[in-house]
Structures are given as C-alpha cells and as structure tokens.
Amino acid sequence: MDEREGMSPGFKFNDWEMRGVPLRMELGPKDVAKGSVVLARRDRPGKEGKAFVPQQGIAAAVAQRLEEIQQALYARALAFRKANTVDAAEYGEFKAAVEKGFALSWWCGASDCEAKIKEETKATMRCIPLDQPPGSGKCIYCGQPAKEKAIFAKAY
Ligand SMILES: [Zn+2]
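All figures in this text were calculated on a predicted structure; none of them were measured in a lab.

Student: Give me the lowdown on the overall build of the protein chain, citing residues and values where you can.
Tutor: Looking only at helices and strands, one finds five helices and nine strands in the protein chain. Shown N-terminal to C-terminal, the secondary structure of the protein chain runs as helices and strands in the order α-β-α-β-β-α-β-α-β-α-β-β-β-β. Principal axes of the C-alpha set define a box for the protein chain whose edges measure 75 × 35 × 20 Å. Of all 156 residues assigned to the protein chain, the portion counted as buried reaches 29%.

Student: So what about the side chain of Arg-41? Which residues, and what values?
Tutor: With respect to the helices, strands and loops of the structure, Arg-41 is situated in strand β2 (residues 36-41). According to the relative accessible area criterion, Arg-41 is buried, its value standing at 7%. Polar side-chain contacts of Arg-41 include one of 3.4 Å to the side chain of Glu-68. Not counting chain neighbours up to four residues away, the residues in contact with Arg-41 comprise Pro-22, Leu-23, Gly-49, Arg-65, Glu-68, Ile-69 and Ala-72.

Student: Give a description of the sheet that holds β2 that names residues and reports values.
Tutor: Reading across from one edge, β1-β2-β3 is the order of the three strands in this open sheet, with antiparallel pairing throughout. Each end of this open sheet is capped by a strand with a single partner; those strands are β1 (23-26) and β3 (50-54). Strand-to-strand twist in this sheet, taken as the mean axis angle between neighbours without regard to direction, amounts to 30 degrees. Note: β2 against β3, five bridges, orientation antiparallel. The residue bridging Leu-39 from the neighbouring strand is Ala-51, located in β3. On top of the sheet, helix α3 (residues 58-83) reaches β1, β2 and β3; it is set at about 10 degrees to β2, its chief contact.

Quick notes on the rules
- Residues numbered from 1 in each chain as written.
- Predicted model: local features only at pLDDT ≥ 70, side-chain atom pairs only at ≥ 80, totals over all residues.
- Heavy atoms only, no water.
- Helix = DSSP H or I, 4+ residues; strand = E, 2+ residues; numbered from the N terminus.
- Buried < 20%, exposed > 50% of the residue type's maximum accessible area, 1.4 Å probe, protein only.
- Polar contact = N/O pair within 3.5 Å; in protein donor to acceptor, adjacent residues only side chain to side chain.
- Contact = heavy atoms within 4.5 Å.
- Pairing = 2+ DSSP bridges.
- Axes fitted to C-alpha atoms, helices over the stretch in contact; angles between N-to-C directions.

Structure, rendered in structure tokens:
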C-alpha cells in the first residue's frame, strides 16, 4: 500500500509502473462505498487494462489476473522471438539475420567455428535448443556435417 503523502495518484501510478509492478489495485472512497476495487494491468495501459471487481473474492481475482498477465507477456515474448529468428541455411543469410535478431542454424560442434563466427559477425551462440529438428545438416560456417542446430545472436 502506498501511503505516501503529498503525491498525486497519477504520480504514484507512474512510479509503481516504472518499478515494474504488474497489477495495481486502486481503492478510493467511491470504491469503498460500492464494495469494489479497480484492478489496473501494467501490460495493458489505459481503460482496456482496467476492471472493476468486487472486494469479495479479490484474492482469487488478483491471482487470475496475474496468471493472465504472465500468459500475455509470455505469448508476446514468444511471438517477438519467432518474428526475429531466421532459419538461416547459408552464411550470407546468417550474417544478415544476426544483424537484426537471431539465427537458427546447423553447427558442427567445433569451438573453432563458433570462434570464427564471433570474429566475423560479433554473434555468439545463445543456446542449443533442446527441441531439435530431425535429421542433420551442414555447419553454417565450415559446411561439415552437423547434428544440431544452435541459435546465434549478438549480445547487447
Ligand atoms: Zn563447423
């Protein structure tokens, strides 16, 4: 509860949003009279993210909202990752991909290839996904047989 005095509600709302608080509960005199609470989602600014809910059962309502927020943020992050990942099959495509986002490419497993890629593109391996495509391919750098795909990107 924010009991700081001498600050407008707008200042407090913004202050907590800046800190990353996902859900704000607003409780004014009118809400108390009506037995309701305003829940405001950080991930949906404005009226769209506000809901008037009864004080009765507020704990369950908050838990449900937090679950929805988690799912929405996860879905947004996943969509962003998918939109910015290129399944690069040749080195030119790979180099272009890591300029803007992620490249998913076959990698032979040699640390030498990883080092050369880093030297030439500034991209480093981010991870080797557990969920691998079937079969095998050719290393994006040396062209040797590769059994797994790895994700490369520049670090910022
Ligand atoms: Zn290689």
